[in-house]
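Coordinate analysis (summary)
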Amino acid sequence: MLTKVAVIVLPDLSIFEFGVVCEVFGVDRSSLGVGLPAFDFRVCTPAPGMVRTSSGVSLQVDGDLTGVDDADLVVMAPYSADTVIPKAVLEALQAADRRGAQIFSVCSGAFALAEAGLLDGRSATTHWRYTRSLADAYPGTRVDENVLYVEDGNILTSAGTASGIDASLHLVRREFGPRAATAIARGMVVPPHRDGGQAQFIERPVPTGCGASMEELLVWLADHLDQDISVSTLAQRLHMSERTFARRFRAETGTTPAAWLTGQRLLRAQSLLEETRLTVDAVARASGFGQAVLLRHHFQKALGVSPAAYRRTFRGSDKGCDLDLHDLEEQFGGHPLSR
């Protein structure tokens, strides 16, 4: 189980991305009853002391790189492009990889992984501003500039800024199940899950007073996935024409309303398959697909497996927990099986 987390920081540290990792893994949420441990969280640097950030403040870091030696998860925090990576950091990353630790880079942290040789022959990403530089400097790395994060074996790389949240929650969901990831997301007050394959570069025009309402709509949608929802209904909720709504939705989320709904419904179905013993038909209804045949179609298309095979994989690993119908309604709202 992933319980020991070590974050490597270097001078000119990007403080927002570092803060994301601290918020996800450095806060004790073991009392929430969703399967999260109290992480043994360590901040490490080659020369303990004051470490300057790119934001004009400095952090006192007391831990050296020995904190990486037995970590289950090693996070390479982002830093400025002209920072020279100490040999000790490269060796620590290589040793972690050899013993099979999970290694996670946020934004420009991918360059340290590449310099250590960990991305040779692997797929990876970084902030879209740096993807070309990463590909040019390390031609053995398959750089994907159009995704939020990439997982290749024990290596997870994420793009810039907020995508570190998505990648961190992906790790939590994979290790501890969807209820744990949802609990962290709610505590952080972040919008619903974004899949790693979503485009990095999303047009974000100057808001005209509907940015907050769009986020509220996404939260509402996540609570009503079992309902038959049309673009017309969504447009009316925001007092827009269907055409304007569709354009604004893509600008805000990087995808269409239909694609977003399908992705969220798949996540709901995955959660129900992992955590309950509901039939596939009931899962299809509760997640908004209506019929098992549609659930199977979308599952096969997106995940390459059937719902039944997915359930065998995850329930066989003792991840998640059992939910009765009352718990199901309490977690997802309404009466999802009444239709």
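Residues numbered from 1 in each chain as written. Predicted model: local features only at pLDDT ≥ 70, side-chain atom pairs only at ≥ 80, totals over all residues. Heavy atoms only, no water.

Right, let's get into the overall build of the protein. Counting its secondary structure elements, the protein contains 14 helices and 10 strands. Split into buried and exposed, the 339 residues of the protein put 49% on the buried side. Of all intrachain contacts in the protein linking residues separated by at least 6 positions in sequence, the fraction that spans at least 24 positions is 65%. Here the protein has roughly 15700 Å² of accessible surface; of this, 51% comes from carbon and sulfur atoms. (Helix = DSSP H or I, 4+ residues; strand = E, 2+ residues; numbered from the N terminus. Buried < 20%, exposed > 50% of the residue type's maximum accessible area, 1.4 Å probe, protein only. Contact = heavy atoms within 4.5 Å. Areas by Shrake-Rupley, 256 points an atom, 1.4 Å probe, with all protein chains shown as cover.)

So, on to unusual backbone geometry. Its identity as a non-glycine residue notwithstanding, Asp12 has a phi of 65°, on the positive side. By secondary structure assignment, the location of Asp12 is in the loop between strand E1 (4–8) and helix H1 (15–25). Since its relative accessible area comes to 18%, Asp12 is described here as buried.

In this structure, Asn154 sits in the loop between strand E9 (149–152) and strand E10 (155–158). For Asn154, a relative accessible area of 16% gives the class buried. Among all residues touching Asn154, those that are not within four sequence positions of it are Asp97, Gly100, Ala101, Gln102, Ile103 and Arg122.

What follows covers the pattern of salt bridges. Under the criterion given, the structure shown has 12 salt bridges. The partner of Glu23 in a salt bridge is Arg29, with the nearest N and O atoms 3.0 Å apart. The salt bridge partner of Glu151 is Arg174, with a shortest N-O separation of 1.9 Å. Highlighted residues: Glu151 in strand E9 and Arg174 in helix H5 (residues 163–176), separated in sequence by 23 residues. The partly exposed category is assigned to Glu151, whose relative accessible area is 31%. (Salt bridge = Lys/Arg side-chain N within 4 Å of Asp/Glu carboxyl O.)

A word on the packing of aromatic side chains. Scanning the entire structure with this criterion turns up five aromatic pairs. Where Phe39 meets Phe176, the ring centres are 5.8 Å apart and the plane angle is 75°; that geometry is what we call edge-to-face. With a gap of 137 residues between them, Phe39 in the loop between H1 and strand E2 (40–44) and Phe176 in helix H5 connect regions that are remote in the sequence. Each member of the pair, Phe39 as well as Phe176, is classed as buried. For the pair Phe249 and Trp260, a centre-to-centre distance of 6.4 Å together with 85° between the ring planes defines the contact as edge-to-face. Highlighted residues: Phe249 in helix H9 (residues 242–253) and Trp260 in helix H10 (residues 257–275), separated in sequence by 11 residues. Residue Phe249 shares its accessibility class with Trp260, and that shared class is buried. Through successive ring pairs, a cluster of aromatic residues spans Phe25, Phe39 and Phe176. One Lys or Arg, Arg237, reaches over the ring of Trp220 and ends 4.0 Å from the middle of that ring. (Phe/Tyr/Trp six-rings, centres within 6.5 Å; stacked < 30°, edge-to-face > 60°. Lys NZ or Arg CZ within 6 Å of the ring centre and 35° of its normal.)

Moving on to the packing of H1 against H5. Contact geometry for H1 and H5: axes closest at 9 Å, N-to-C directions at 25°. Considered as vectors, H1 and H5 are oriented roughly parallel to each other. Between H1 and H5 the crossing geometry is right-handed. On H5, the residues touching Val20, Val24 and Phe25 of H1 are Gly164, Ile165, Ser168, Leu171 and Val172. Residue composition of the contact of H1 with H5, by class: six nonpolar, two polar and no charged. (Axes fitted to C-alpha atoms, helices over the stretch in contact; angles between N-to-C directions. Parallel < 35°, antiparallel > 145°, perpendicular 65-115°, else oblique. Left-handed = near helix turned anticlockwise from the far one by under 90°. Nonpolar A, V, L, I, M, F, W, Y, C, P; charged D, E, K, R; others polar.)

With that out of the way, let us pick up a nonpolar patch on the surface. Among the surface-exposed residues, Ile15, Phe16 and Val57 lie close enough to one another that they form a single nonpolar patch of about 240 Å² accessible area. Relative accessible area serves as the criterion here: at 31%, Ile15 is assigned to the partly exposed category. (Patch = residues over 30% accessible without salt bridge, like charges linked within 9 Å, V, L, I, M, F, W, Y side chains within 5 Å.)

When we look at burial in helix H6 (residues 178–188), the residues that qualify are Pro178, Ala180, Ala181, Ala183, Ile184, Ala185 and Met188. For H6, the elements touching its buried residues are H1, H5 and H10. Backbone geometry just downstream of H6 places Val189 in the positive-phi region, at approximately 55°.

Turning our attention to the pairing of E10. Taking every second residue as pointing to the same face, both faces of E10 are buried, with Ile155 and Thr157 on one and Leu156 and Ser158 on the other. Judged from the four bridges that link them, E9 and E10 form a sheet pairing that is antiparallel. Bridged to Val150 within E10 is Thr157. Between E9 and E10, which pair antiparallel in sequence order, lie two residues; one of them, Gly153, sits at a positive phi of approximately 65°. (Pairing = 2+ DSSP bridges.)

Attention now moves to the confidence of the model for the protein. Chain-level pLDDT for the protein is 85 on average; 86% of the residues reach the 70-or-more range. In the model, residues 199–210 has pLDDT below 50 throughout and makes 28 contacts with residues more than four positions away in sequence or in other chains. When the criterion is pLDDT under 50, residues 317–339 qualifies, and its contacts beyond four places in sequence or with other chains add up to 44 contacts. (pLDDT = per-residue confidence, 0-100.)

Moving on, we get to the sheet that holds strand E6 (residues 102–106). On the basis of which strands lie adjacent, the open sheet formed by six strands has the order E2-E1-E5-E6-E10-E9 and mixed pairing. If you trace the sheet from one side to the other, it starts and ends with E2 and E9, each paired once. Between one strand and the next, the sheet's axes are offset by a mean angle of 15°, whatever the strand orientation. Here E1 pairs with E2 via five bridges, running parallel. Pairing of Ile8 across the sheet is with Cys44, part of E2. In this fold H1 packs onto E1, E2, strand E5 (73–76) and E6, with an angle of close to 160° to the strand it touches most, E2.

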